[in-house]
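# Fold and geometry: a report
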Amino acid sequence: MRKPTDRTVMHSYPGMVAIVTASYNGQDNVMAAGWHSYISFDPPIYGVAIGHERHTYDLMKQSGQFAVHFLPMEKAQFIQQSGVYTGASTDKFLLGEMEYDRGITIDAPILKDAYVAYECKVIDVNKYGDHDWFVGDITQFYRDDDMFLDNGLPDDEKLTIPLYLGRSTYTTPGERKEYRVRRD
């Protein structure tokens, strides 16, 4: 039975984890971010919450740019490693055997295994508690068209999307159902 509690209750999972990359002064880093969102379609704007103590935080603040990636379930171990290890002392790209190219409009790694990626230039940063919300204009899109159906939805036969449950545990989407509701 539901009851009031004085404890903080976090219930934002399961959800997709974004992989954020940044580069500054020749140093590259990658991290997992559970709190992120598309903010505007036109113009295309994306936001991500980054903890103040994260190594990526300083790289994004200094460079004013970042990239956001989405990886398939086969890369869930890399996603987890990216969120556990710090780039201050670990080369997470090497650890996870993750290859990348340089961005087209920004100088940040673009992961080769991402089925979707965005290059972003920071347009705003706001502090909310122990995280800053970085907002970026999307300046370049990437998509692996083979992973999507003609209607734009992911192809379940080719792409398994990992959903983070918490406590280092991932699951996949269940049965797909379509609901059409008629608006009067």
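This text follows the structure it describes.
Another point: helix 2 (residues 76-84). Within helix 2 the residues assigned to the buried category are A76, F78, I79, Q80, Q81 and S82. Where helix 2 is buried, its residues touch strand 1 (18-24), strand 2 (27-33), helix 3 (92-95), strand 7 (109-111), strand 10 (163-166) and strand 11 (169-171).

All right, on to a nonpolar patch on the surface then. A cluster of nonpolar residues, Y38, F41 and F141, forms a patch on the protein surface that exposes about 360 Å² of accessible area. Mapped onto the fold, F41 is located in the loop between strand 3 (36-40) and strand 4 (45-51). Owing to a relative accessible area of 72%, F41 belongs among the exposed residues under this scheme.

With that out of the way, let us pick up the pattern of salt bridges. For the structure shown, the criterion picks out nine salt bridges. Taking the shortest distance from any N to any O, the salt bridge between K112 and E99 comes out at 3.8 Å. With K112 in the loop between strand 7 and strand 8 (116-128) and E99 in the loop between helix 3 and strand 6 (100-102), the pair connects residues that are 13 residues apart, well separated along the chain. E99 sits in the exposed class, given a relative accessible area of 51%. Each of D28, R102 and D107 takes part in one network of salt bridges that share partners.

If you walk across this open sheet you meet the seven strands as 2-1-5-8-9-4-3, and the pairing is antiparallel. In the strand order of this sheet, the two ends are held by strand 2 and strand 3, each with one partner. Put simply, the sheet's adjacent strands are angled 35 degrees from each other on average, direction ignored. Bridge count for strand 5 (residues 65-70) against strand 8 is six bridges, and the pairing is antiparallel. Counted as the bridge partner of A67 is E119 from strand 8. In the packing of helix 1 (residues 55-63) onto the sheet, the strands contacted are strand 1, strand 2, strand 4, strand 5, strand 8 and strand 9 (131-143), and the crossing angle to strand 1 comes to about 55 degrees. Packing against the sheet, helix 2 makes contact with strand 1 and strand 2, and its axis sits at approximately 110 degrees to strand 2.

Mapped onto the elements of the fold, F148 is located in the loop between strand 9 and strand 10. F148 sits 137 residues away from H11 along the chain, and the two C-alpha atoms are 29 Å apart. With near-sequence residues (within four places) excluded, F148 lies in contact with Y115, V116, R143, L153, P154 and D155.

Under the definition given, this model contains ten aromatic pairs. Where F93 meets Y100, the ring centres are 4.6 Å apart and the plane angle is 50 degrees; that geometry is what we call tilted. Residue classification places Y100 among the partly exposed residues on the basis of a relative accessible area of 29%. Plain terms: the ring middles of Y115 and F148 are 6.2 Å apart, the flat faces sit at 50 degrees to each other, and that makes the pair tilted. Highlighted residues: Y115 in the loop between strand 7 and strand 8 and F148 in the loop between strand 9 and strand 10, separated in sequence by 33 residues. Just as Y115 is buried, F148 falls in that class too. An aromatic cluster is built from Y38, Y46, F70, Y118 and F141, whose rings are joined through pairwise contacts. One residue, R143, lies across the ring of F148, its end atom 4.5 Å from the ring centre.

On to the side chain of H69. Along the polypeptide, H69 turns up in strand 5. Here the side chain of H69 touches P109 through a polar contact of 3.4 Å, landing on its backbone oxygen.

What follows is about the environment of H52. Mapped onto the elements of the fold, H52 is located in the loop between strand 4 and helix 1. Its relative accessible area of 26% is what places H52 among the partly exposed residues. With 75 residues separating them in the primary sequence, H52 and K127 have C-alpha atoms 9.2 Å apart. Ignoring sequence-local partners within four residues, the contact set of H52 consists of Y57, K127, G129, D130, H131 and D132. Of the polar contacts made by the side chain of H52, one reaches the side chain of D132; its length is 2.8 Å.

Here is what the cut-offs are and how they apply
Residues numbered from 1 in each chain as written. Predicted model: local features only at pLDDT ≥ 70, side-chain atom pairs only at ≥ 80, totals over all residues. Heavy atoms only, no water. Buried < 20%, exposed > 50% of the residue type's maximum accessible area, 1.4 Å probe, protein only. Helix = DSSP H or I, 4+ residues; strand = E, 2+ residues; numbered from the N terminus. Contact = heavy atoms within 4.5 Å. Patch = residues over 30% accessible without salt bridge, like charges linked within 9 Å, V, L, I, M, F, W, Y side chains within 5 Å. Areas by Shrake-Rupley, 256 points an atom, 1.4 Å probe, with all protein chains shown as cover. Salt bridge = Lys/Arg side-chain N within 4 Å of Asp/Glu carboxyl O. Pairing = 2+ DSSP bridges. Axes fitted to C-alpha atoms, helices over the stretch in contact; angles between N-to-C directions. Phe/Tyr/Trp six-rings, centres within 6.5 Å; stacked < 30°, edge-to-face > 60°. Lys NZ or Arg CZ within 6 Å of the ring centre and 35° of its normal. Polar contact = N/O pair within 3.5 Å; in protein donor to acceptor, adjacent residues only side chain to side chain.

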